[in-house]
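As a plain string of letters, each chain reads:
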Amino acid sequence: MATEPVNVSEFQELARLALPKMYYDYYSGGAEDQQTLRENVEAFRRITFWPRILIDVNRVDLSTSILGYNISAPIIVAPTGSHQLAHPQGEVATAKAAATCNTIMVLSFTSSCTIEEVATSCNAVRFYQLYIYKRRDIAATLVQRAEKNGFKAIILTADTPRLGRREADKKNKMIAPQLKNLEGLFSTKATSDGGSILEAYVNETMDPSLSWKDIEWLRSVTKLPILIKGVLTRADAVKAVQVGVDGIIVSNHGARQLDYSPATISVLEEVTVVHAVEGRVPVLMDGGIRRGTDVFKALALGAQAVLVGRPVIYGLAANKGEYGVRRVLEMLKDEFELTMALSGCSSVKDITRRHVRTEHERLLSMM
Ligand SMILES: Cc1cc2nc3c(=O)[nH]c(=O)nc-3n(C[C@H](O)[C@H](O)[C@H](O)COP(=O)(O)O)c2cc1C
Ligand SMILES: CCCCC(=O)C(=O)O
């Protein structure tokens, strides 16, 4: 592709050309048959718009706030691991792009750069994503380092008691992550009997006994707000609110964990309304956001903001570092702004449930 990408999806091919196969497969892949991977994107396509006309959209305001932090648009950077496999500047480049776009960067527990490097590189509002190892002291130490370095929230990822079965990684014998944050604390060496070394590493370290009661423990080691990432059901949303979390992220981990789990956009409404969260805590979502129209659909179905995973890495990898990530975020913002204007919404709070029609509603209307 000789020309500049005109949409976010076009960065994927550029990333494929730029990266070694092992890394591209790791970033792009999903679990097993990759049915959920396709569905995360396809399910957005089945939702259509009910646009309103003759509304003054001379000025369209995309800005919003999450946990009290003002951001330029409800589009934030999802936690994804090992950015230095995509670009030498790794998460530092990603965080700088987030800062330039005036949005939030969620730093992954499996980042290549350290908490301190990211914190000193830019003034983006930063959240820290946490995995909890069998060695609980590691989590406590990292949370406290994040807090000390100005991170504003902890995102506990709760869908990874073990790693999903990612078959490309098995074939490629995917390497274990280089976790500079853990240097001097914990070895990241792992061996496998011929498959994915990443998978062997995760399965050796992660605490599969983690459960709801541990949220209390996490609260005892930090003052920061705690969000739970990986909620897909109404029952878990209710439970999360009961145990007092400060926010929920509807996510299937970019379809990398349990294949045939539902597309996130298809369960979002179940979590946000009817006996579940009902506005008590913010609900964010991720999975399959590739267009500004997707952002609008997620907001219409009750999300306060979306997180973007793979497109950010593709922007980073297309040999462009910070610039590539900035382009990805700007494209999504520009498309979202146009969608708002064409739907008759001049601010984010004007986006309502009545602006979209789900597949379910379309079928009902035919009966
Ligand atoms: C390469 C890659 C690495 C990821 N690493 C993490 C991680 O370290 N922690 C985490 O909570 N989620 C991780 N995720 C999941 C993302 O946070 C997010 O849920 C997902 O990518 C959203 O879907 P999308 O890629 O379709 O935007 C990762 C996803 C990808 C693609
Ligand atoms: C600890 C697992 C590696 C990062 C991750 O979450 C992913 O690859 O999906």
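The name recorded for the protein chain in an unreviewed UniProt entry is (S)-2-hydroxy-acid oxidase, from Acer saccharum. As stated in UniProt under Subcellular location (unreviewed entry), the record for the protein chain gives "Peroxisome". What the UniProt record of the protein chain gives under Sequence similarities (unreviewed entry) is the line "Belongs to the FMN-dependent alpha-hydroxy acid dehydrogenase family."

Asker: Would you mind going over helix α4 (residues 90-100) in detail, with residue names and values included?
Answerer: When you tally the buried positions in α4, you get eight out of 11 residues, the bulk of the element. Within α4 the residues assigned to the buried category are G90, E91, V92, A93, T94, A95, A97 and A98. Contact partners of the buried residues in α4: β4 (75-77), β5 (104-107), α5 (115-121), α13 (310-320) and α14 (322-343). Of the residues one or two after α4, N102 is the one with positive phi, at around 55°.

Asker: Outline the site of ligand 1, supporting the account with residue identities and numerical values.
Answerer: Around ligand 1 sit 24 residues in total, of which P79, S108, T157, D286 and R290 are the nearest. A distance of 3.1 Å separates a nitrogen atom of ligand 1 from a polar atom in the side chain of Y131. Side-chain polar atom of R310 to an oxygen atom of ligand 1: 2.9 Å apart, as the coordinates give it. Taking 610 Å² as the accessible area of ligand 1 by itself, protein coverage stands at 99%.

Asker: Break down the UniProt feature "binding site: glyoxylate" (unreviewed entry) in the protein chain for me, citing the residues and quoting the values.
Answerer: The sites that UniProt annotates as "binding site: glyoxylate" (unreviewed entry) are Y26, Y131, R166, H253 and R256. From the set just named, the residues that line the second largest pocket comprise Y131 and H253. Its location among the elements puts Y26 in helix α2 (residues 21-28). Setting aside residues up to four positions removed in sequence, Y26 forms contacts with R166, D169, M174, L198 and R256. Dropping the residues within four chain positions of it, Y131 is found in contact with F109, T110, A139, T157, T160, M206 and H253.

Asker: With reference to specific residues and values, describe the layout of surface pockets.
Answerer: Taken as a whole, the second largest pocket holds about 600 Å³ of empty space. Surrounding the second largest pocket, 33 residues form its lining, A158, D159, T160, P161 and G230 being those nearest its centre. Those elements that provide at least two residues to the lining of the second largest pocket are β7 (154-157) and β8 (226-231). It is β8 that provides the largest number of residues to the lining of the second largest pocket, a total of three residues. Of the residues contributing to the lining of the second largest pocket, the split by class is 16 nonpolar, 10 polar and seven charged.

Asker: So what about the nonpolar core? Which residues, and what values?
Answerer: Ranked by size, the top nonpolar core spans 107 residues in total, and within it Y128, L130, I248 and M285 carry the most contacts. By residue number, the principal contributor to this core is α14, which donates seven residues.

Asker: Explain the side chain of S347 residue by residue, including any values.
Answerer: As for its position among the elements, S347 is in the loop between α14 and β12 (356-357). Owing to a relative accessible area of 14%, S347 belongs among the buried residues under this scheme. Here S347 is in contact with D61 and M340, once residues within four sequence places are set aside.

Asker: Outline the packing of aromatic side chains, supporting the account with residue identities and numerical values.
Answerer: Applying the stated criterion to the full structure yields eight aromatic pairs. A ring pair is formed by F109 and Y131, whose centres lie 6.0 Å apart and whose planes are at 80°; its orientation type is edge-to-face. Residue F109 is located in the loop between β5 and α5, and its partner Y131 is located in the loop between β6 (125-130) and α6 (136-148); the two are separated by 22 residues in the primary sequence. Under the relative-accessibility criterion, F109 is labelled buried at 1%. With 5.1 Å between their ring centres and 70° between their planes, F109 and Y133 make a pair best called edge-to-face.

Asker: Quick rundown of empty space enclosed by the protein? Include the residues and the values.
Answerer: Counted under the stated rule, the structure contains one cavity of 30 Å³ or more. Its residues placed into classes, the lining of the largest cavity shows four nonpolar, two polar and one charged.

Asker: Got a sec to walk through the side chain of T160? Specific residues and values, please.
Answerer: Relative to the assigned elements, T160 resides in the loop between β7 and α7 (167-172). Taking the relative accessible area as the measure of exposure, T160 reaches 5% and is therefore buried. A distance of 3.4 Å separates polar atoms of two side chains, one belonging to T160 and the other to H253.

Rules of the game
- Residues numbered from 1 in each chain as written.
- Chains lettered and ligands numbered in written order.
- Predicted model: local features only at pLDDT ≥ 70, side-chain atom pairs only at ≥ 80, totals over all residues.
- Heavy atoms only, no water.
- UniProt positions renumbered as here; feature names shortened; annotations may be inferred.
- Buried < 20%, exposed > 50% of the residue type's maximum accessible area, 1.4 Å probe, protein only.
- Helix = DSSP H or I, 4+ residues; strand = E, 2+ residues; numbered from the N terminus.
- Contact = heavy atoms within 4.5 Å.
- Near = heavy atom within 4 Å.
- Polar contact = N/O pair within 3.5 Å; in protein donor to acceptor, adjacent residues only side chain to side chain.
- Areas by Shrake-Rupley, 256 points an atom, 1.4 Å probe, with all protein chains shown as cover.
- 1 Å grid on protein atoms, 1.4 Å probe; cavity = no way out; pocket = protein on both sides within 12 Å on 5 of 7 lines; lining within 4 Å.
- Points joined across faces, edges and corners; volume = space filled by probe spheres on them.
- Nonpolar A, V, L, I, M, F, W, Y, C, P; charged D, E, K, R; others polar.
- Core = buried A, V, L, I, M, F, W, Y, C linked by side-chain atoms within 4.5 Å.
- Phe/Tyr/Trp six-rings, centres within 6.5 Å; stacked < 30°, edge-to-face > 60°.

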